[in-house]
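Structural overview for review
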Amino acid sequence: MNKPLSSFRPAYVVGIGLHPYQRMTETPYPVLGLAAVREALGDARITWGAVESVYHGTALLGMASTRAMLKHLGGTGIPMQQVENASASGSTAFRLAAFEVATGVCDVALAVGVDKPSARPLAGSQTGIRGIEGGRIVPFTHFALLAQRYMDRHGATPEDFARVAVKNHGNGAHNRYAQRQQVRSLLDVLNDPPISGPLTRLQCCPVGEGAAAVIVASEAAIARLRIDHRRCVRVLSSAQRTEVVYEESSNFDAELTRQTTAQAIAEAGITPADLDVIELHDAFSVEEIFYLEAMGVAREGEAPAMLRDGAFDIGGDVAISPSGGLLAMGHPIGPTGIGQIAEIARQLRGEAGVRQHKNARMGLAHMVGVGAVCVVHVLGMS
Amino acid sequence: MNQELSHPDLYRSDGGDSVVLLGMSCAACGHVAFPRQHYGCEKCGAAGDALRNVDLHSTGSLASYATVHMHQAKTIAAPFVIGEISLDAGPTVRATMVEATDADMEIGARVAGRLFPAPSSVDATSSKFELRFCLLEGRS
């Protein structure tokens, strides 16, 4: 029997920290990770000694990366482990931390994500089952095929997809942690070098390096450590699913998103209309359109018109990817899902500065990953 | 005609112009899939004798297409056109199209697989053949 997160005691995000996402440098990964963890500890105003458990979302660093980094905070002997779940590695690490606190296994857990780009092949290429594509169909072409079908079915245009990038680059321009911090016009996006189908370079996320950290705590720990309860954001639900054989086989990420989001929203006891901010997996611009419709935020075929009318802007009906999303904030893999949680916590606390979506009370974080896997969290401010 | 194929584990000539894809079907649940594997049915988990080899004719309709303008691998020259094909036999496959541009492509158009000399072996004495899909005359 599956028990939802809400059936256990409350778990809260009490501290957030990031190292800026950036192009790969010579900086060793512990420098990235330690900056994010120290910022999160400072944000929660607690010390490293209060942390009782660590889940480290990382897909590319290799074996045994966690203690080699965190020992520099001083050895306390607490359990630490790496969590690899493709693009959802960080989201999965956060889920495990939230469940560990909610179920009472510990009172304070750290979810941290750190990665640097690597050329290591995916295990999926080593299953012994080959396809006919011969490496010619990479993710951007998968999404270009889905984009062409969407245009054919709904009369959408390349401009409709480009507007996602315009919005998210605009948001990222105000985020000091974002890899891309430049406002881009519709023409900038459309005239950028074409990559595949209607997708231009600025509609494909940059994969660089970075780190993100989130501290999860119970009410008991919040009281004991005298953490400011007004800055604590409750984790209302956590859903994780994997792909099955779908009737609509090509856009499996959207089908998986539909099911996983429905579960997360139901467990939180809300409807899509209750959401104020959403951070979603916009690795490619067209994905934002697909997933908003799969989540029930927009009706099928209507997301482009809502986007054009400003419904998804900061200050609109629901702010989509106020951080800049994967497109502008970047997608360093392990950190990405934890960075989403940090952005939603910042928004719900009302601490997002010029990126602040007014009166944000309810947020949703969504990642899909190769596999396909999907992880969705709902966070709320009481 | 004795053609050496780039991927004889994935497809073969149907004896005429066209190509059959080497697929599988599950006797337990009816799921038809490509490529062929014997690890277990992705839909119901059946294994062993339940998994049957079936030949899937390569005719179908174009479900989508995309011109790929750049590719990271230096061995793959861009641009080229990828098609998503709904095979009449059931599964959806994605493959390289013969056409150099997508100008004449239309979702729903009839397509089929053909064997063409692999670009890398055009000048070699014994050229290998590989699968490409192409638009058929007389659209749907």
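Residues numbered from 1 in each chain as written. Chains lettered and ligands numbered in written order. Predicted model: local features only at pLDDT ≥ 70, side-chain atom pairs only at ≥ 80, totals over all residues.

Scanning chain A from terminus to terminus reveals 12 helices and 12 strands. Rg of the C-alpha trace for chain A: 19 Å, near the compact-globule value of 21 Å for 382 residues, within the 12% margin. Considering only C-alpha atoms, chain A reaches an extent of 60 × 45 × 45 Å along its principal axes. Residues classed as buried in chain A amount to 59% of the 382 residues present. The contacts in chain A between residues at least 6 apart in sequence include a share of 80% that link residues at least 24 apart. (Helix = DSSP H or I, 4+ residues; strand = E, 2+ residues; numbered from the N terminus. Rg over C-alpha atoms; globule rule 2.2 N^0.38 Å. Buried ≥ 20, exposed ≤ 12 C-beta atoms within 10 Å, placed from the backbone. Contact = placed C-beta atoms within 7 Å.)

What chain B contains, in helices and strands, is 0 helices and 10 strands. Along the chain direction, N to C, the helices and strands of chain B fall in the order β-β-β-β-β-β-β-β-β-β. If one aligns the C-alpha atoms of chain B with their principal axes, the spans along those axes are about 45 × 35 × 35 Å. The buried share among the 140 residues of chain B stands at 30%. Residue pairs in contact within chain B that sit at least 24 positions apart in sequence constitute 51% of those at least 6 positions apart.

A separate point is the packing of helix H5 (residues 158-172) of chain A against helix H9 (residues 285-295) of chain A. All names here are of chain A. As a packed pair, H5 and H9 sit with axes 7 Å apart at the nearest point and diverge in direction by 100°. Between H5 and H9, the angle is such that the two are roughly perpendicular. On H9, the residues touching Phe161, Ala162, Val164 and Ala165 of H5 are Ser285, Val286, Glu288 and Ile289. (Axes fitted to C-alpha atoms, helices over the stretch in contact; angles between N-to-C directions. Parallel < 35°, antiparallel > 145°, perpendicular 65-115°, else oblique.)

To continue, consider the sheet that holds strand E11 (residues 362-369) of chain A. Residues and elements named next belong to chain A. With mixed pairing, 10 strands are arranged side by side in an open sheet as E3-E2-E4-E7-E1-E8-E12-E11-E9-E10. At either end of the open sheet lies a strand with only one pairing partner, and these are strand E3 (80-83) and strand E10 (319-320). Taken together, the 4 bridges between strand E2 (residues 53-57) and E3 define a ladder with parallel strand orientation. The partner of His56 across the bridge, within E3, is Gln82. Packed onto the sheet, helix H3 (residues 89-102) meets strand E1 (11-22), E2, E3, strand E4 (108-115), strand E7 (209-218), strand E8 (233-242), E11 and strand E12 (373-380) and runs at close to 175° relative to E4. (Pairing = 2+ DSSP bridges.)

The next point concerns the environment of Val378 of chain A. Residue and element names in this part refer to chain A. The topology assignment puts Val378 in strand E12. Sequence separation between Val378 and Arg258 is 120 residues, and the spatial gap between their C-alpha atoms is 15 Å. Val378 has contacts with Leu236, Ser237, Ala264, Ile265, Ala268, Ile270 and Leu364, leaving out every residue within four places of it along the chain.

Residue and element names in this part refer to chain A. Compared with the 22 Å implied by 1.5 Å per residue over 16 residues, the 23 Å span of helix H1 (residues 29-44) between its first and last C-alpha is a close match. For H1, the secondary structure elements touched by its buried residues are E1, helix H2 (66-70), E4 and E7. Phi for Arg45, located one or two positions after H1, is positive at around 55°. (Expected span 1.5 Å × (residues − 1).)

Next up on the list: the interface of chain A and chain B. On the side of chain B, 26 residues touch chain A, which itself brings 21 residues to the contact. If you list the elements that add at least two residues to the side of chain A that touches chain B, you get helix H4 (139-154) and strand E5 (194-196) of chain A. Among the elements that line the side of chain A that touches chain B, the one with the most residues is H4 of chain A, at 6 residues. Grouping the amino acids of the side of chain A that touches chain B by side-chain chemistry returns 8 nonpolar, 8 polar and 5 charged. (Nonpolar A, V, L, I, M, F, W, Y, C, P; charged D, E, K, R; others polar.)

Counting residues in hydrophobic clusters, the biggest one holds 158 residues, and the most contacted among them are Val13, Ala97, Ala111, Val214 and Val216 of chain A. Ignoring any residue separated from it by four or fewer positions in sequence, one finds Val214 of chain A in contact with Val13, Ile16, Ala40, Phe94, Ala111, Ile338, Ile341 and Ala342 of chain A. (Core = buried A, V, L, I, M, F, W, Y, C linked by C-beta atoms within 7 Å.)

Once that is clear, we can look at the environment of Leu96 of chain A. Residues and elements named next belong to chain A. Along the chain, the position of Leu96 falls in helix H3. Since 20 C-beta atoms lie within 10 Å of it, Leu96 is described here as buried. Between the alpha carbons of Leu96 and Tyr55 there is a distance of 7.1 Å; along the sequence they are 41 residues apart. Setting aside residues no more than four positions away along its own chain, Leu96 makes contact with Tyr55 and Val83.

The peptide bond linking Gly371 of chain A to Ala372 of chain A adopts the cis configuration, its omega dihedral lying at -5°. Mapped onto the secondary structure, Ala372 of chain A falls in the loop between E11 and E12. Cis peptide bonds are those with omega within 30 degrees of zero, and the linkage from Ala78 of chain B to Pro79 of chain B qualifies with 0°. Examined against the element boundaries, Pro79 of chain B turns out to sit in the loop between strand E6 (60-68) and strand E7 (80-87). Positive phi, close to 65°, is recorded for Ala64 of chain A, a residue that is not glycine. Among the residues examined, Ala64 of chain A registers 9 C-beta atoms within 10 Å and is labelled exposed. Backbone geometry at Ile333 of chain A places phi at a positive 75°, although glycine is not the residue there. Here Ile333 of chain A is to be found in the loop between helix H11 (325-328) and helix H12 (336-349).

Over its 15 residues, H5 of chain A extends 22 Å from the first C-alpha to the last, a length consistent with the 21 Å expected when each residue adds 1.5 Å. Within H5 of chain A, 13 of the 15 residues are buried, leaving the element largely enclosed by the surrounding structure.

Okay, the packing of H3 of chain A against H12 of chain A next. Residue and element names in this part refer to chain A. Remark: H3 packs on H12, axes separated minimally by 5 Å, with the N-to-C direction vectors making an angle of 60°. It follows that H3 is oblique to H12 by the angle criterion. Between H3 and H12, the contacting residues are Ser89, Gly90, Ser91, Ala93 and Phe94 on the first element and Thr336, Gly337, Ile338 and Ile341 on the second. Per-class residue counts for the contact of H3 with H12 are 4 nonpolar, 5 polar and no charged.

Taken over all residues, the pLDDT of chain B has a mean of 90, while the share at 70 or more is 91%. Scored by ipTM, the complex comes to 0.93, with pTM at 0.96. (pLDDT = per-residue confidence, 0-100.)

Glancing now at the environment of Thr257 of chain A. All names here are of chain A. Considering the arrangement of structural elements, one finds Thr257 in helix H8 (residues 252-268). Residues Thr257 and Arg241, 16 residues apart in the sequence, show an inter-C-alpha distance of 8.8 Å. Excluding residues within four positions of it along the chain, Thr257 makes contact with Tyr291, Ala294, Met295, His366, Val368 and Cys374.

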